[in-house]
Amino acid sequence: MSKNYLCFGYGYVAQAFAQKVKCDGAAVTGTSRTNENLLLFDVSHPIPRDILFQHTHFLISIPPKNAQDPVLKHHRQDLIDHPNLQWVGYLSSTGVYGDKQGAWVDETSDCAPSDPITQARLAAENSWAELYNEHNLPVHIFRLSGIYGPGRSMLERVLTGQAQRIDKPGQYFSRIHVEDIVQVLQASIAHPSPGQIYNLADDEPCSSKEVIEYVCDQLAISYPPLIPYEDAHLSPMAKRFYSDNRRVCNDKIKSDLGVKLKYPTYREGISSLLAEGRA
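Residues numbered from 1 in each chain as written. Predicted model: local features only at pLDDT ≥ 70, side-chain atom pairs only at ≥ 80, totals over all residues. Heavy atoms only, no water.

I keep staring at the overall build of the protein and nothing clicks. Help me out?
Across its full length, the protein carries 10 helices and 13 strands. Expected size for 279 residues packed as a compact globule is a radius of gyration near 19 Å; at 19 Å, the protein falls within 12% of this value. Each principal axis of the C-alpha atoms in the protein carries an extent, and together these give about 60 × 45 × 40 Å. Sorting the 279 residues of the protein into buried and exposed places 48% on the buried side. Accessible area of the protein: about 13300 Å², with a carbon and sulfur share of 49%. Taking the 27 positively charged and 32 negatively charged side chains of the protein as two groups, their mean positions are separated by 2 Å. (Helix = DSSP H or I, 4+ residues; strand = E, 2+ residues; numbered from the N terminus. Rg over C-alpha atoms; globule rule 2.2 N^0.38 Å. Buried < 20%, exposed > 50% of the residue type's maximum accessible area, 1.4 Å probe, protein only. Areas by Shrake-Rupley, 256 points an atom, 1.4 Å probe, with all protein chains shown as cover. Lys, Arg positive; Asp, Glu negative; His and termini not counted. Charge placed at Lys NZ, Arg CZ, Asp CG, Glu CD.)

Got a minute to help me understand unusual backbone geometry in this structure?
Trans is the prevailing form of peptide bonds, just as negative phi is the prevailing case for residues other than glycine. Positioned with a positive phi, Asn66 is a non-glycine residue whose angle comes to about 55 degrees. Take Asn66: it is sitting in the loop between β4 (57-60) and α3 (70-81).

Looking at this model, I keep getting lost on the sheet that holds β4. Mind explaining?
The strands that make up a sheet are held in pairs by hydrogen bonds between backbone atoms, and each pair lies either parallel or antiparallel. Overall, parallel pairing links the 7 strands, which are arranged β3-β2-β1-β4-β5-β7-β11 in an open sheet. Two strands bound the open sheet, and with one partner strand each, they are β3 (39-40) and β11 (197-200). Pairing of β4 with strand β5 (residues 87-93), which is carried by 4 bridges, proceeds in the parallel orientation. Bridge pairing in β5 links Leu59 to Gly89. Here helix α1 (residues 12-23) sits on the sheet and contacts β1 (4-8), β2 (27-32), β4, β5 and β7 (139-144); the angle it forms with β1, its principal contact strand, is near 170 degrees. (Pairing = 2+ DSSP bridges. Contact = heavy atoms within 4.5 Å. Axes fitted to C-alpha atoms, helices over the stretch in contact; angles between N-to-C directions.)

Below, the structure written as structure tokens:
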């Protein structure tokens, strides 16, 4: 049977994924709460069962709502009853590991999420994992690091003057280019291994300060002022990111899925974005 994809949530990653698989000839449907060109799905509008059953592959990128996964809230039994479900990918976050004080984490590391948002993420993960453990459904969990790519990177923040070069020694962030996320998902679809968890990150965790300086060097512009972390004016989300410190190991996507990253570090990723912009 041919692949027929349904993306619950049609944001940045899902759109990049859909564009790629459409180019490969697959049919893709996305959901939205507001876009009339997409399939309507929200708390008061579950998707009719006959439409769900037309799709063989499901990508879940909707975050938990009120500490509950909205797809499972409405469609858990539908997924269990699905006559030809071939692959489910749940997009989670490496935030579920919590603060490791700069240490490396892999898929076997303990999860200790440090705030309600990542705690809800881990609870949603566990709920999806139950479908594999109890019903042998083809569920795969992908823990994403900081996502960047065209239109969404430190390059735009530097060019618009929004980048803050913050001095917090020993702070690490992991990141992943959206094209590499897509190729990991495709590798999993080609070689499914239900019940598995995968970390998605590049090869070189580092500080945001280092990335900002690289961008400025490539643009031949001055660095933004160096601000001690204690003096920085950060949004609640940024404060949450800085409260956790870890380096994410990506060995499993290479060994189990055979993935070779197109952008193994932020340098290749930023250089590609610069080249695209100049072109």
